[in-house]
Amino acid sequence: GAGVSQSPSNKVTEKGKDVELRCDPISGHTALYWYRQSLGQGLEFLIYFQGNSAPDKSGLPSDRFSAERTGGSVSTLTIQRTQQEDSAVYLCASSPDRGDQPQHFGDGTRLSIL
Amino acid sequence: AQSVTQLGSHVSVSEGALVLLRCNYSSSVPPYLFWYVQYPNQGLQLLLKYTSAATLVKGINGFEAEFKKSETSFHLTKPSAHMSDAAEYFCAVSDRIGNTGKLIFGQGTTLQVKP
């Protein structure tokens, strides 16, 4: 079946611009996660959605970062006024539930800020 | 707070040799434990997980890992390395009590397999 889909696969933008990254989770998965992978910081948790509950935003690095999940399915991660340190690979994952359920990852969006 | 330490950012083995990738965790309560593999320009793929059953866990592609509570370790092994095993490997934990599934990752270990 279809896996987690992320778009775009690559994004190059100028410093100061806003960007939107999209994630289509596996159908039926109630939990959705965003992670950031960068050379200096490794893999970091950003935000977590579970069903209709309020998202856990504890990993967002600044107020320039936000995310939403519409209809319990597709999610969009938005970065406003991008900075060079935002350059990274942004990974989305989904799972049937939380806790001990393994997460299924998309191939990521590689974001480059010029 | 939970944390994960992977000893050795790079490991090099010969084809056919034993693979051993080390992972130690820090947590007041034994967490859920996972090993993921990442090939270039791809996302992470689950190799195996430990939740609460047998301490020796078998995964895909011939990998296995043993949970040792006394050593707070979850090392990944494979008896005989293949060229196709060359990739980056991540150990991760998630909080059993909070049960959100948020993963905390180690820094990763790049496995090189020499012919």
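See the structure printed just above.
Chains are numbered independently. Their residues run from 1 in the order of the written sequence. Just so you know, chain letters begin at A and ligand numbers begin at 1, following the order they were written in. Per-residue local features are limited, in this predicted model, to residues with pLDDT of at least 70; the limit for side-chain atom pairs, both in listing and counting, is 80 or more; totals at the level of whole chains, interfaces and linings are taken over all residues. As a convention, hydrogens and water are excluded, and side-chain values are obtained from all of the structure's heavy atoms.

Caption draft 1: Seen up close, the overall build of chain A. Helix and strand definitions follow DSSP, with helices as H or I runs of at least four residues and strands as E runs of at least two, each counted in order from the N terminus. Check the secondary structure of chain A and you find zero helices and 10 strands. What you see in chain A, going N to C, is helices and strands ordered as β-β-β-β-β-β-β-β-β-β. For the radius of gyration, the atom set is restricted to C-alpha positions; the globular benchmark scales as 2.2 Å times the number of residues to the power 0.38. Over its C-alpha atoms chain A spans a radius of gyration of 13 Å, differing by no more than 12% from the 13 Å that the globule rule assigns to 114 residues. Dimensions of chain A, computed from C-alpha atoms along their principal axes, come out at roughly 35 × 30 × 25 Å. What makes two residues a contact is simply this: any of their non-hydrogen atoms within 4.5 Å. The long-range share in chain A, meaning contacts at least 24 apart out of those at least 6 apart in sequence, stands at 55%. When the accessible area of chain A is evaluated, it comes to approximately 5500 Å², of which 42% is carbon and sulfur surface. Looking at chain A, you have 11 positive and 13 negative side-chain charges, and the mean spots of the two groups are 4 Å apart. Accessible areas in this description were obtained via Shrake-Rupley with a 1.4 Å probe; residue shielding takes into account the shown protein chains only. For the purpose of charge, His is not counted, nor are the chain termini; Lys and Arg are scored as positive and Asp and Glu as negative. Where a charge lies is defined by one atom per residue type, namely NZ (Lys), CZ (Arg), CG (Asp) and CD (Glu).

Caption draft 2: Seen up close, the interface of chain B and chain A. Listed per partner, the contact involves 20 residues of chain B and 21 residues of chain A. Take the accessible area each of two parts loses on contact, using a 1.4 Å probe, and add the two losses: that sum is the buried area. A per-residue breakdown of the area chain B buries against chain A is headed by B:L44, B:K102 and B:F105, which together make up 27% of the total. Salt bridge, as used here: a side-chain nitrogen of Lys or Arg that lies within 4 Å of a carboxyl oxygen of Asp or Glu. Counting across the interface, chain B meets chain A through one salt bridge. Salt-bridge contacts for A:D56 lead to B:K102; the nearest nitrogen and oxygen are separated by 3.0 Å. Contacts described as polar in this section are N or O atom pairs within 3.5 Å, which, within protein, must combine one atom able to donate a hydrogen with one able to accept it, while residues neighboring in sequence count only if both atoms come from side chains. Counting every contact that joins chain B to chain A gives seven residue pairs in polar contact (both at pLDDT 80 or more). Among the elements of the structure, β4 (32–38), β5 (44–50) and β9 (87–94) of chain B are those that each provide at least two residues to the side of chain B that touches chain A. Class assignment of the residues belonging to the side of chain B that touches chain A gives a composition of eight nonpolar, 10 polar and two charged. Each residue gets one of three labels, nonpolar for Ala, Val, Leu, Ile, Met, Phe, Trp, Tyr, Cys and Pro, charged for Asp, Glu, Lys and Arg, and polar for the others, Gly among them.

Caption draft 3: Structural detail: the pairing of strand β4 (residues 31–38) of chain A. Residue and element names in this part refer to chain A. Buried, partly exposed and exposed residues are distinguished by accessible area as a fraction of the type maximum, computed with a 1.4 Å probe on protein chains only: under 20%, between the cut-offs, and over 50%, respectively. With eight of eight residues buried, β4 lies mostly within the body of the structure. Side chains A31, Y33, Y35 and Q37 of β4 all project onto a buried face; the interleaved residues L32, W34, R36 and S38 project onto the opposite face, where all are buried too. By the bridge criterion, eight bridges tie β4 to strand β5 (residues 42–50) in an arrangement that is antiparallel. Residue W34 lies in a different strand from β5, and its bridge partner there is I47. Linking β4 to β5, which pair antiparallel, is a turn of three residues. Strands are treated as partners if at least two bridges between them are detected by DSSP.

Caption draft 4: Layout of unusual backbone geometry. A:P8 follows A:S7 through a cis peptide bond whose omega is -10°. Here A:P8 shows up in the loop between β1 (5–7) and β2 (10–13). If you check the backbone angles, A:R81 has positive phi at about 45° while not being a glycine. Secondary-structure assignment places A:R81 in the loop between β7 (75–79) and β8 (88–95). In this structure, B:N41 takes a positive phi of about 60° despite not being glycine. Mapped onto the secondary structure, B:N41 falls in the loop between β4 and β5.

Caption draft 5: How the structure looks around the environment of B:S94. Along the chain, the position of B:S94 falls in strand β9. Separated by 53 residues in sequence, B:S94 and B:N41 place their C-alpha atoms 25 Å apart.

Caption draft 6: View of the sheet that holds strand β8 (residues 73–78) of chain B. Residues and elements named next belong to chain B. Strand order in the open sheet made by the five strands is β1-β3-β8-β7-β6, with antiparallel pairing throughout. With one partner strand each, in any of the chains shown, β1 (3–7) and β6 (56–58) form the two edges of the open sheet. When strand polarity is set aside, the average angle formed by the axes of neighbouring strands in this sheet is 20°. The pairing of strand β7 (residues 64–68) with β8 spans five bridges and is antiparallel. In the strand pairing of β8, A65 is matched with L76. Under this scheme, a helix contributes an axis fitted over its contacting stretch, all axes are lines through C-alpha atoms, and angles between N-to-C directions fall in the 0 to 180 degree range.

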